[in-house]
Amino acid sequence: MAVAETQLYAKVSNKHKSKSTSALLESLLAKGFPAHIAQKALAATGQKTIEDAAKWLHSHCNDPSLDDPIPQEYALYLCPTGRLHNHLQEFWKESKRQCGKNRAHEVFPHITLCDFFTCEDQKVELLYDTLKRVGDSFSQSFPPFISLSLHSSTSYLGFFIGDSHANILKEFALAFSSEASALADCHVKPCLKQLHLTLAHKFYPHHQKTLEQLAKCINPGETCQWVAALYSRDMRFVHYQTLRALFQYKPQNIDELMINVGDFVYVDPTQQSDVSEGWVIGTSHRTGCRGFLPENYTERANESDTWVKHREYTFLTASRSFTQTENEHHEKLNGEVHNPSMSRNVTNVLSLQNATLRRGVLVMRHGERVDQVFGKSWLQQCLTTDGKYYRADLNFPSTLPKRKDSMKHFEYDPPLSCCGVFQSKLIGEALLDQEVTVSYVYSSPALRCVQTAQHVLQGLKLDQKVKIRVEPGLFEWTKWEASRAIPNFMTVTELAEASYKIDTSYRGNFPLSSLVPSESYEEYVSRSSAVIKQIITACPSKGKGVILIVGHGSSLASFTRPLIGLPARDSSNFAQVVRKIPSLGMCFCEELKENNKWQMVNPPVKTLTHGANAAFNWRNGIVED
């Protein structure tokens, strides 16, 4: 058990444990569940139904923390409903699409009344009683509407609550916190500073103008009923990332995690450095079990996706109402709600921007390389005693291209595997289906990148029309080279003689001789920034053709960030970001005519996901024990 959890256990265990007379609890006790585990299940599911609690208990039968009396954390939020909520959800969707995800997207629209606090499982019902009593006492004085004024800075955008209305909300929060603290024996801290409804937070400064334009489409005076809602979360995973499973994964080893489609997994970013490439270690929200899982089976989820709503109090103008979670209002948290008036306003903003779109830049990582599958000694597996190449596995290439120097140079300049070739053609075919017009192709001098570019062009049916420009400046950060030296790449002439469609007249911006072994991160960032700018300058801006750049995992961040005006990532987390980029991972930027600016948008094709396929020996388990 972690140190923090051990301290929590001691703190909670020393407290007096009150008994609950809840009918739900009595039903679980009658089924034979211990009281502390039954109360934990009820708290984790919002005390909704006996079926929900029983399902939770069944899923967590192998949860190693099931007996740990670590409570949930609770928060009291004031949430909008109705037309204002619809406007806010439309803003959430469009701001994410145009400017990428920021901190506000992690949680649904709300005003924080009481920030997160802990409450013992057996005393949670007292919070429900408190919310109802305090809600009743404020129902007549609650304002019929709440004054909202837009406030903007370089890292924050949101509505501030008018003073007179904010004072009433603060009194409500103070009353709830005082009564809850006394009855439930927990420390509840009301928010008494400037109350606000956040629209965007911790975004890049150059997105401020776009976000402001979208925010002005929101009419803060729209019809709205406000709901005071009590939410809970698992306090052990507050600083973790939340992933959502896209596919089912059945463990192949004892240390792997079983996941179903839609499962949430908590991942600690600080514990991933020693995990194999393409894998993460995390804890299942559904089962509480911990293990390894393939990262490309998941996507990032929002922080609040795993929160549980317990009770809510709806402030009505004519009457008051206290409802449980099953009586949800029509809007979904973090859902997509269509609102015609908001959509028209947003469409006007989008049409203005789309009318100015020009070129596109598609930065792509190469396909699967042979040493990624067979290890660094792959070449030794394929050479006969007299030094001739043979195909030791169907995923090895059938032949290797001819080169004048030693074949051993392929060890540090490996080709694609056969699956890598297939991946590349598949991406090219998908681009063709989406009618993407590729006008220029640039490739790192690494053989795997040249081959990827070639097969993408074949899938696009452009291999006879568009030639590949080999640009040494596109090579990855040389510090990561295992040989501590620049690999001996095949020359442009050798590539052309091997039937790769190379533009032999092209002269790179960075000659091979300029690549420095074990360059510093600052040198790599400077090189990347310079080469992408030179490529953009060299490609005419007429028309809407796409510039395809085939590089390495590091290329996606190092070439796109300077293009859209973002600073380089910190070197301390650069490797962690890069290792998550799969084969054929890609980023897409579109140019705006205004001031020659670029914006990052969704790539024109979907991602490519597939599972592993281990080596198989028919003797093992078939004819031999």
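Bear in mind that the values here come from a model prediction, so they are computed numbers and not experimental data.

1. With respect to the sheet that holds strand E7 (residues 241-245)
On the basis of which strands lie adjacent, the open sheet formed by five strands has the order E10-E9-E8-E7-E11 and antiparallel pairing. Each end of this open sheet is capped by a strand with a single partner; those strands are strand E10 (290-294) and strand E11 (298-300). Adjacent strand axes in the sheet meet at a mean angle of 45°, parallel and antiparallel pairs treated alike. Across three bridges, E7 lies against E11 in antiparallel orientation. The residue bridging alanine 245 from the neighbouring strand is threonine 298, located in E11.

2. As for empty space enclosed by the protein
Within the structure shown, the criterion is met by three cavities of 30 Å³ or more. In this structure, the largest cavity spans a volume of roughly 100 Å³. Lining the largest cavity we find Arg233, Asp234, Phe237, Val238, Tyr240, Thr242, Tyr266, Glu303, Thr306 and Trp307. Across the lining of the largest cavity, the residue classes tally to five nonpolar, two polar and three charged.

3. Some words on the pattern of salt bridges
Taken as a whole, this structure holds 24 salt bridges when the rule is applied. Close ionic contact of glutamate 591 with arginine 359 constitutes a salt bridge, the shortest N to O distance being 3.0 Å. Here arginine 359 lies in strand E14 (residues 357-365) and glutamate 591 lies in strand E18 (residues 586-592), a separation of 232 residues in the sequence. The residues glutamate 591 and arginine 359 share a single accessibility class, namely buried.

4. A look at the environment of serine 147
You can see serine 147 is positioned in the loop between helix H6 (124-138) and strand E3 (148-152). Remark: the alpha-carbon pair of serine 147 and serine 164, spanning 17 residues in sequence, is separated by 8.7 Å. Serine 147 has contacts with Phe160, Ile161, Gly162 and His165, leaving out every residue within four places of it along the chain.

5. Thoughts on helix H5 (residues 82-99)
Between its first and last C-alpha atoms H5 spans 26 Å; for 18 residues at 1.5 Å apiece the expected length is 26 Å, and the two agree. Judged by how many residues are buried, H5 sits mostly within the fold: 13 of 18 residues are covered. Just beyond H5, the residue with positive phi is glycine 100, at close to 85°.

6. Looking at the packing of aromatic side chains
Taken as a whole, this structure holds 31 aromatic pairs when the rule is applied. Taking 5.5 Å as the distance between ring centres and 80° as the angle between the ring planes, the aromatic pair formed by phenylalanine 172 and phenylalanine 315 counts as edge-to-face. Of this pair, phenylalanine 172 sits in helix H7 (residues 163-183) while phenylalanine 315 is found in strand E12 (residues 308-315), placing the two residues 143 residues apart along the sequence. Each of the two residues, phenylalanine 172 as well as phenylalanine 315, counts as buried. Members of the aromatic cluster, each reached through a chain of ring pairs, are Tyr77, Phe108, Phe116, Tyr231 and Trp307. Against the face of phenylalanine 116 rests arginine 233, its NZ or CZ located 3.6 Å from the ring centre. Cation over ring: arginine 311 sits above tyrosine 128, and NZ or CZ is 4.1 Å from the ring centre.

7. Considering the nonpolar core
Core analysis: the largest hydrophobic core is formed by 51 residues, its most contacted members being Leu78, Phe91, Leu127, Phe172, Phe176, Leu199 and Trp226. Core analysis: the next-biggest nonpolar cluster, separate from the first, contains 43 residues, Leu379, Leu431, Phe475 and Leu495 among them.

8. What to know about the side chain of arginine 403
Mapped onto the elements of the fold, arginine 403 is located in the loop between helix H11 (378-381) and helix H12 (418-433). Classification of arginine 403 by relative accessible area gives buried; the value is 12%. In this structure the side chain of arginine 403 is engaged in a polar contact, spanning 2.7 Å, whose partner is the side chain of aspartate 405. Of note is the side chain of arginine 403, whose polar atom sits 2.4 Å from the backbone oxygen of asparagine 488. Excluding its chain neighbours within four sequence positions, the residues that come into contact with arginine 403 are His409, Phe410, Asp413, Asn488, Phe489, Met490 and Glu494.

9. Considering the pairing of strand E4 (residues 156-161)
Every regular strand shows the same layout, with side chains that alternate between the two sheet faces. For E4, the tally of buried residues reaches five of six residues, placing the bulk of the element in the interior. Both E3 and E4 contribute to a ladder of five bridges, which runs antiparallel. By the bridge assignment for E4, histidine 151 is matched with glycine 158. Connecting the antiparallel pair E3 and E4 is a turn made up of three residues.

Reading the values: the criteria
- Residues numbered from 1 in each chain as written.
- Predicted model: local features only at pLDDT ≥ 70, side-chain atom pairs only at ≥ 80, totals over all residues.
- Heavy atoms only, no water.
- Pairing = 2+ DSSP bridges.
- Helix = DSSP H or I, 4+ residues; strand = E, 2+ residues; numbered from the N terminus.
- Axes fitted to C-alpha atoms, helices over the stretch in contact; angles between N-to-C directions.
- 1 Å grid on protein atoms, 1.4 Å probe; cavity = no way out; pocket = protein on both sides within 12 Å on 5 of 7 lines; lining within 4 Å.
- Points joined across faces, edges and corners; volume = space filled by probe spheres on them.
- Nonpolar A, V, L, I, M, F, W, Y, C, P; charged D, E, K, R; others polar.
- Salt bridge = Lys/Arg side-chain N within 4 Å of Asp/Glu carboxyl O.
- Buried < 20%, exposed > 50% of the residue type's maximum accessible area, 1.4 Å probe, protein only.
- Contact = heavy atoms within 4.5 Å.
- Expected span 1.5 Å × (residues − 1).
- Phe/Tyr/Trp six-rings, centres within 6.5 Å; stacked < 30°, edge-to-face > 60°.
- Lys NZ or Arg CZ within 6 Å of the ring centre and 35° of its normal.
- Core = buried A, V, L, I, M, F, W, Y, C linked by side-chain atoms within 4.5 Å.
- Polar contact = N/O pair within 3.5 Å; in protein donor to acceptor, adjacent residues only side chain to side chain.

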